[in-house]
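# Residue-level structural notes
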Amino acid sequence: QKQLVESGGGLVQPGGSLKLSCELSGFTLEGHAIAWFRQAPGKEREAVICISGIGGIMNYAASGKDRFTISWNNAENTVHLQVNDLKAEDTGVYYCAARLPLCSGPAVNYLTWGRGTQVTVSS
């Protein structure tokens, strides 16, 4: 089965950084798109950024522009999300999700999801 496992979340002070990981098993990035979503308590799940097997990157969250960087590590079969200059508004559960074959913003378009990793930004 296709599976995704997120890791790397934690408690960070405002202005800090984290590098999240999304390990793929049962498949690879080729022919797929992997997106990061986040969800704060009481709010809708929203797309942050996505990378496709053909190399395209799509930014969805305006608040993450210039602070969020997505990358693919072929040796690890893992998608990474580097987040810099974290703000309190970035707090939430971060999920990675997969779909065929290209990036898409709506969460409903993704059929394979990880369990999520908690990111808490607080002083």
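Residues numbered from 1 in each chain as written. Predicted model: local features only at pLDDT ≥ 70, side-chain atom pairs only at ≥ 80, totals over all residues. Heavy atoms only, no water.

### A word on the side chain of Arg-99
Along the chain, Arg-99 turns up in strand 9 (residues 92-99). Despite its burial, Arg-99 remains without a salt bridge, the nearest opposite charge being carried by Glu-6 at 16 Å. Among the polar contacts made by the side chain of Arg-99, one reaches the main-chain carbonyl oxygen of Asn-109 at a distance of 3.2 Å. (Helix = DSSP H or I, 4+ residues; strand = E, 2+ residues; numbered from the N terminus. Buried < 20%, exposed > 50% of the residue type's maximum accessible area, 1.4 Å probe, protein only. Lys, Arg positive; Asp, Glu negative; His and termini not counted. Salt bridge = Lys/Arg side-chain N within 4 Å of Asp/Glu carboxyl O. Polar contact = N/O pair within 3.5 Å; in protein donor to acceptor, adjacent residues only side chain to side chain.)

### Some points on the state of the cysteines
Taken as a whole, this structure holds two disulfides when the rule is applied. The residue that forms a disulfide with Cys-22 is Cys-96, at a sulfur-sulfur distance of 2.1 Å. Across the disulfide from Cys-22 to Cys-96, rotation about the S-S bond amounts to roughly 80°, and the bridge is consequently right-handed. Taken as a pair, Cys-22 in strand 3 (residues 18-25) and Cys-96 in strand 9 lie far apart in primary sequence, 74 residues in all. Of the two residues examined, Cys-22 and Cys-96, each falls in the buried class. Put simply, Cys-50 and Cys-103 are joined by a disulfide, and their sulfur atoms are 2.1 Å apart. Taking the torsion about the S-S bond as the criterion, the Cys-50 to Cys-103 disulfide, at about -90°, is left-handed. Of this pair, Cys-50 sits in strand 5 (residues 46-52) while Cys-103 sits in the loop between strand 9 and strand 10 (112-113), and the two are 53 residues apart along the sequence. Accessibility classification places Cys-50 together with Cys-103 in one group, the buried group. Assigning the bonded cysteines of the protein chain consecutive numbers by sequence position, one obtains the connectivity 1-3, 2-4. (Disulfide = S-S within 2.5 Å.)

### Considering the pattern of salt bridges
Under the defined criterion, the tally for this structure stands at four salt bridges. Residue Arg-38 pairs with Asp-90 through a salt bridge whose shortest N-O separation is 2.8 Å. On the criterion of sequence distance, the pair formed by Arg-38 in strand 4 (residues 33-39) and Asp-90 in the loop between strand 8 (78-83) and strand 9 is long-range, its members being 52 residues apart. Like Asp-90, Arg-38 is buried. Here Asp-90 ties to Arg-67 by a salt bridge, and the two come within 2.8 Å at their closest N and O atoms. Separated by 23 residues along the polypeptide, Asp-90 in the loop between strand 8 and strand 9 and Arg-67 in the loop between strand 6 (57-59) and strand 7 (68-73) bring together distant segments of the chain.

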